[in-house]
Each structure stands twice: as structure tokens, then as C-alpha cells.
Amino acid sequence: MKIMQQDETVVGILDEDVRFSLEELCRSCFLPAEQLLEMVDEGIIEPIDYQQTTTSWQFAGNSMVRVRTVIRLQRDLGVNLAGAALAVELLDEIKALRNHPPRG
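Residues numbered from 1 in each chain as written. Predicted model: local features only at pLDDT ≥ 70, side-chain atom pairs only at ≥ 80, totals over all residues. Heavy atoms only, no water.

Participant: I keep staring at the overall build of the protein chain and nothing clicks. Help me out?
Facilitator: For the protein chain, the count of helices and strands is five helices and two strands. Ordering the α and β elements of the protein chain from the N terminus gives α-β-α-α-β-α-α. Within the span of the protein chain, comprising 104 residues, buried residues form 31% of the whole. Long-range pairs, those at least 24 residues apart, make up 52% of the contacts in the protein chain with a sequence separation of at least 6. Carbon and sulfur atoms form 54% of the exposed surface of the protein chain, whose accessible area is close to 7,400 Å². (Helix = DSSP H or I, 4+ residues; strand = E, 2+ residues; numbered from the N terminus. Buried < 20%, exposed > 50% of the residue type's maximum accessible area, 1.4 Å probe, protein only. Contact = heavy atoms within 4.5 Å. Areas by Shrake-Rupley, 256 points an atom, 1.4 Å probe, with all protein chains shown as cover.)

Participant: Hey, could you run me through the nonpolar core in this one?
Facilitator: Side chains of nonpolar character tend, in soluble globular proteins, to be buried together. Core analysis: the biggest nonpolar cluster contains 21 residues, and L36, M39 and I45 have the highest contact counts within it. Once you skip the residues sitting within four places of it in the chain, L36 turns out to touch L22, L25, C26, L31, I45 and V67. (Core = buried A, V, L, I, M, F, W, Y, C linked by side-chain atoms within 4.5 Å.)

Participant: Help me out: how do you make sense of the pattern of salt bridges in this one?
Facilitator: Think of it this way: side chains of opposite charge can pair up when their charged atoms draw near. Overall, the coordinates contain three salt bridges when judged by the stated rule. For the salt bridge of E23 with R27, the shortest nitrogen-to-oxygen distance reads 2.9 Å. In this pair, E23 and R27 both sit in helix α2 (residues 22–29), four residues apart, roughly one turn of the helix. Each member of the pair, E23 together with R27, is exposed. When the shortest N-O distance is used, the salt bridge between R75 and D76 registers 2.8 Å. (Salt bridge = Lys/Arg side-chain N within 4 Å of Asp/Glu carboxyl O.)

Participant: So what exactly am I meant to see when it comes to the confidence of the model for the protein chain here?
Facilitator: When pLDDT drops low, the exact placement of atoms in the prediction is not to be read closely. Taken as a whole, the protein chain shows an average pLDDT of 85; of its residues, 84% reach a score of 70 or greater. Considering each helix and strand of the protein chain separately, the mean pLDDT is smallest for helix α1 (residues 2–14), with a value of 46, and largest for helix α3 (residues 33–41), with 96. (pLDDT = per-residue confidence, 0-100.)

Participant: What should I look at first to understand unusual backbone geometry in this one?
Facilitator: Glycine aside, residues mostly have negative phi, and peptide bonds are mostly found in the trans state. Positive phi is not limited to glycine here, since F30 has a value of about 60°. One can find F30 in the loop between α2 and α3.

Participant: Can you walk me through the packing of aromatic side chains in this structure?
Facilitator: Aromatic ring pairs are reported here in terms of the distance separating the ring centres and the angle at which the planes meet. Under the counting rule described, the total for this entry stands at one aromatic pair. Taken together, a centroid distance of 6.1 Å and an interplanar angle of 85° make the contact between W57 and F59 edge-to-face. For the pair formed by W57 and F59, the shared burial category is buried. (Phe/Tyr/Trp six-rings, centres within 6.5 Å; stacked < 30°, edge-to-face > 60°.)

Participant: Any chance you could explain the environment of V70 here in plain terms?
Facilitator: Relative to the assigned elements, V70 resides in helix α4 (residues 62–77). Sequence separation between V70 and A85 is 15 residues, and the spatial gap between their C-alpha atoms is 7.4 Å. With sequence-adjacent residues up to four places away left out, V70 is seen in contact with M39, I44, L81, A84 and V88.

Participant: Explanation requested: the state of the cysteines in the structure shown.
Facilitator: Disulfide: a covalent bond formed between the sulfur atoms of two cysteine residues. This model, assessed by the stated rule, comprises zero disulfides. Summary of cysteine pairing: C26 is not part of a disulfide, and the nearest cysteine sulfur, belonging to C29, is at 8.1 Å. (Disulfide = S-S within 2.5 Å.)

Here it is as C-alpha cells:
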């Protein structure tokens, strides 16, 4: 059963159409909700619909990748949350440029 859950998580990470609840994201990333809410405040991850209560929030599959990247930046490099937010944003820009280079 655990293998199926891990496989589902991997599919969710790769598929942006898959949704995670706040609780599922907490469990998958081994973080308390407070830390994920701080990441929402920093703009690292965004719930799909801010209008709902936090317990009803849903996050796209790529949110897990972003959270895990932030965890690694903090753990391995000692980067604070604001610095990690900037790094994740820059990584997204690099990825976008690689996928769609500017025409010149």
C-alpha cells in the first residue's frame, strides 16, 4: 500500500492537474501547516482558490516540487525563507527561458 501512495505522489508532482490539500502537502513534505502557510505568505506556493478556508485549500502538483526545493535550500545552504523564495522564482525563470528562448 505504501508503494501505491509513493507512486501517486510522484505522478502528482509531475502532473500540474493533480491537486493536493494542505494536509496532504504537509504529510508529503513532512512539514507542519504553519511552515506551509509561511511559504504561501512568501509567494512560494499559491492555493488554487484563496476564497476558501485554509483547510479547504488545494495546491497544484508543482507546489510539492517547490516546497521540497525550498526545504533543500534551507537545509543544505542555510538560505532563509525570503532567499529561498527568490531562488525558486529565479529557477522558474531559467526553466521558462530554456523552454522558450527569446527570439532575437
